[in-house]
Amino acid sequence: MAASGKIASFRLPPLPTIGEVIKLYKLRATKQLSQNFLLDLRLTDKIVRQAGNLKGAHVCEVGPGPGGLTRSILNAGAADLLVVEKDTRFIPGLQLLSEAAPGKLRIVHGDILTYRMDRGFPAVISKSWEEDPPNLHIIGNLPFNVSTPLIIKWLEYMANRTGPFTFGRTRLTLTFQKEVAERLTASAASRQRSRLSVMAQYLCTVHSCFTIPGRAFVPKPEVDVGVVHFTPLARPQIQQPFKLVEKVVRNAFQFRRKYCYKGIELLFPERKRPELVEAMLKEADVDPTLRPTELTLAQFRALADAYAGLCTRDPSLFSYEFREELRLNRLTRRTGTPTDPPTPACPPVPC
Ligand code: SAM
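Residues numbered from 1 in each chain as written. Predicted model: local features only at pLDDT ≥ 70, side-chain atom pairs only at ≥ 80, totals over all residues. Heavy atoms only, no water.

Asker: With reference to specific residues and values, describe helix H10 (residues 273-284).
Answerer: For H10, built from 12 residues, the straight-helix expectation of 16 Å at 1.5 Å per residue is met to within 8% by its first-to-last C-alpha distance of 16 Å. Along H10, the positions that sit buried rather than exposed are Arg273, Leu276, Val277, Met280, Leu281 and Ala284. For H10, the angular spread of buried residues about the axis comes to 125°, placing them on one side. Facing away from the buried side of H10 by more than 90 degrees, the exposed set consists of Pro274, Glu275, Glu278, Lys282 and Glu283. In this structure, the buried side of H10 is in contact with helix H8 (242-252), helix H9 (260-264), helix H11 (297-313) and helix H12 (322-335). (Helix = DSSP H or I, 4+ residues; strand = E, 2+ residues; numbered from the N terminus. Expected span 1.5 Å × (residues − 1). Buried < 20%, exposed > 50% of the residue type's maximum accessible area, 1.4 Å probe, protein only. Arc of directions from axis to C-beta. Contact = heavy atoms within 4.5 Å.)

Written out as C-alpha cells, the structure is:
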C-alpha cells in the first residue's frame, strides 16, 4: 500500500511498440486529418515533461492517434486521462491501452473543435481564477489544420473563463507548426510579431519549449514543429472584452509594414476617421508612426482602453466594419442609390 499522502507510481505493462500498433491496426496516416505520428517514446516523454508534474493529474489529450503521447502521459502518473480522437480507426488501439491502465483512460470519439470539455471533468477539481492552476492539463500533438483555429477558440474561452477554463487557469502544452510557435511567442519588434502573439500574450504566459525536427514524425511533415506551453494569467494584461481586443489588434495589424495608424484608423467610419484616430492615439499616448509589429502589450492595452472609451461615448462605433462600408460604397457607385448600413445584429458594445 502506498504511504499516506503519496500516490503510488504507475508504469504501463509491456505493450506492442507504436510501430507495431500501427501495423496491427493498419493505421496508415491520413493527409486529410494532418496525421503525423511520433513513434519515439523518449520524444513523447520530453513533450509531457514540459507540462510539469502530472502525478495524480487530470489530463485531456487532443488527437491521441496510435497513442505514443498517451503512453507517456500515463507513465508520468496521470490519474485520469481523457483522449479526444476524431478518427475511428484509432479507437481499438486506444482500447488496448485502456485495458493496460485500468480506470485511468477515457476515450471520446469526437471532434475537439466541438467537444464540451467543461463537461469532461468533475467540478470538484475546479480552482478559482486567482488561485494556483487546477490539476488539469491539456496536452496534444495537434493536427496542423486544427491547431491555429483551436488555440484562437481556446484563447477566447480563456478570456471568458468557459470551456476548459471553467475549472480555472488550465495549462496547455501543445505542438504547432514551427512558424506558428514562433508567432505565438514573438516579442515586440521581432520579425514574427503578429496578431497571434498579442492575443496569446495578453492572456497567458507563453513559453516556447523546444523544436522537434520534421524527420522525427511518420510520415515526415514539410515543416519542423514547436512545443509551446501556456499558463493563463491570473490578471490578463488587457482588461477589456476579448472581442474588443481582437478587433483593435486585427485592425492594427491590417498593414504589417506601414505605420500603425493606417490600420487603426480603419476602426472608424470614413467621415469621422481623421478626428477619431487622432483622439484614440493621443489618449493611448502611442506614436502613430510605429509599425504594428513594434507595439508593446502595454501600448495595445492603452489602445484597447482608448477605443473602449470612444465606444462608450458612441456605441455605434463597435459594430462598424470598414469592409462593410467599402462594400456599400462600391454598391452605391454601381447602382447610384445610397444604401444604408445594416443594423447591427448584436449589441454595439460587448458586455
Ligand atoms: N498524438 C499522436 C502522435 O503524437 O503520434 C497523433 C498526432 S497526429 C498529428 C493528429 C491526431 O489528431 C490524429 O490522430 C488525428 O486523427 C487527430 N485529429 C485530427 N483532427 C482532429 C479533431 N478535430 N479532433 C480530434 N482529433 C483530431
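Asker: Requested: an account of the sheet that holds strand S2 (residues 58-62), with residues and values cited.
Answerer: The 7 strands lie next to each other as S4-S3-S2-S5-S6-S9-S7, forming an open sheet whose pairing is mixed. Looking at which strands have only one partner, the edges of the open sheet turn out to be strand S4 (105-109) and strand S7 (204-212). Neighbour to neighbour, the strand axes of the sheet diverge by 20° on average, direction disregarded. Note: S2 against strand S5 (residues 136-140), 5 bridges, orientation parallel. Along S5, the bridge assignment pairs cysteine 60 with isoleucine 138. Sheet contacts for helix H7 (residues 195-203): S7 and strand S9 (225-232); angle to S7, the most-contacted strand, approximately 120°. (Pairing = 2+ DSSP bridges. Axes fitted to C-alpha atoms, helices over the stretch in contact; angles between N-to-C directions.)

Asker: Please set out the nonpolar core residue by residue, giving values where relevant.
Answerer: One finds Trp154, Phe176, Phe230, Met280 and Leu303 to be the most contacted residues of the largest nonpolar core, which totals 67 residues. The biggest single contributor to this core is H11, with 9 residues. Formed jointly, this core draws a minimum of three residues from each of two domains, domain 1 (2-232) and domain 2 (242-335). With residues up to four places along the chain from it excluded, the contact list for leucine 303 reads Val248, Ile264, Met280, Leu281, Ala284, Val286 and Leu295. (Core = buried A, V, L, I, M, F, W, Y, C linked by side-chain atoms within 4.5 Å. Domains from an automatic or database assignment.)

Asker: Any chance you could break down the packing of aromatic side chains for me, citing the residues and the numbers?
Answerer: The relative placement of two aromatic rings is captured by the distance of their centres and the angle of their planes. Per the counting criterion, the structure on display carries 7 aromatic pairs. Taking the centre distance of 5.6 Å and the plane angle of 85° together, the rings of phenylalanine 37 and phenylalanine 90 count as edge-to-face. Placement of phenylalanine 37 in strand S1 (residues 37-38) and of phenylalanine 90 in the loop between strand S3 (80-85) and helix H4 (91-100) is noted, with a sequence separation of 53 residues between them. Each member of the pair, phenylalanine 37 together with phenylalanine 90, is buried. By way of ring pairs, the aromatic residues Phe268, Tyr307 and Phe318 are connected into one cluster. In this structure, lysine 104 packs its charged tip against the face of phenylalanine 10, placed 4.8 Å from the ring centre. Sitting over the face of the ring of phenylalanine 318, lysine 247 holds its NZ or CZ atom 5.1 Å from the ring centroid. (Phe/Tyr/Trp six-rings, centres within 6.5 Å; stacked < 30°, edge-to-face > 60°. Lys NZ or Arg CZ within 6 Å of the ring centre and 35° of its normal.)

Asker: So what about the site of the ligand? Which residues, and what values?
Answerer: As a matter of local geometry, the ligand sits amid 21 residues, with Gln35, Gly63, Glu85, Asp111 and Asn141 nearest to it. At a separation of 2.8 Å, an oxygen atom of the ligand approaches a polar side-chain atom of glutamine 35. Side-chain polar atom of glutamate 85 to an oxygen atom of the ligand: 2.6 Å apart, as the coordinates give it. In the complex, the protein chains occlude 99% of the 600 Å² of accessible area that the ligand would expose alone. Mapped by element, the contributors of at least two residues to the shell around the ligand are S1 and S3. (Near = heavy atom within 4 Å. Polar contact = N/O pair within 3.5 Å; in protein donor to acceptor, adjacent residues only side chain to side chain. Areas by Shrake-Rupley, 256 points an atom, 1.4 Å probe, with all protein chains shown as cover.)

Asker: Account for the state of the cysteines, with residues named and values stated.
Answerer: What we call a disulfide is simply a covalent bond connecting the sulfur atoms of a pair of cysteines. For the structure on display, the rule yields 0 disulfides. Note on cysteine 204: no disulfide assigned, nearest cysteine sulfur contributed by cysteine 209 at a separation of 13 Å. (Disulfide = S-S within 2.5 Å.)

Asker: Can you lay out the environment of arginine 42 for me, pointing to particular residues and giving the numbers?
Answerer: Looking at where arginine 42 falls in the secondary structure, it is placed in helix H2 (residues 41-49). Expressed as a C-alpha distance, the spacing of arginine 42 and leucine 69, which sit 27 residues apart in the sequence, is 9.8 Å.

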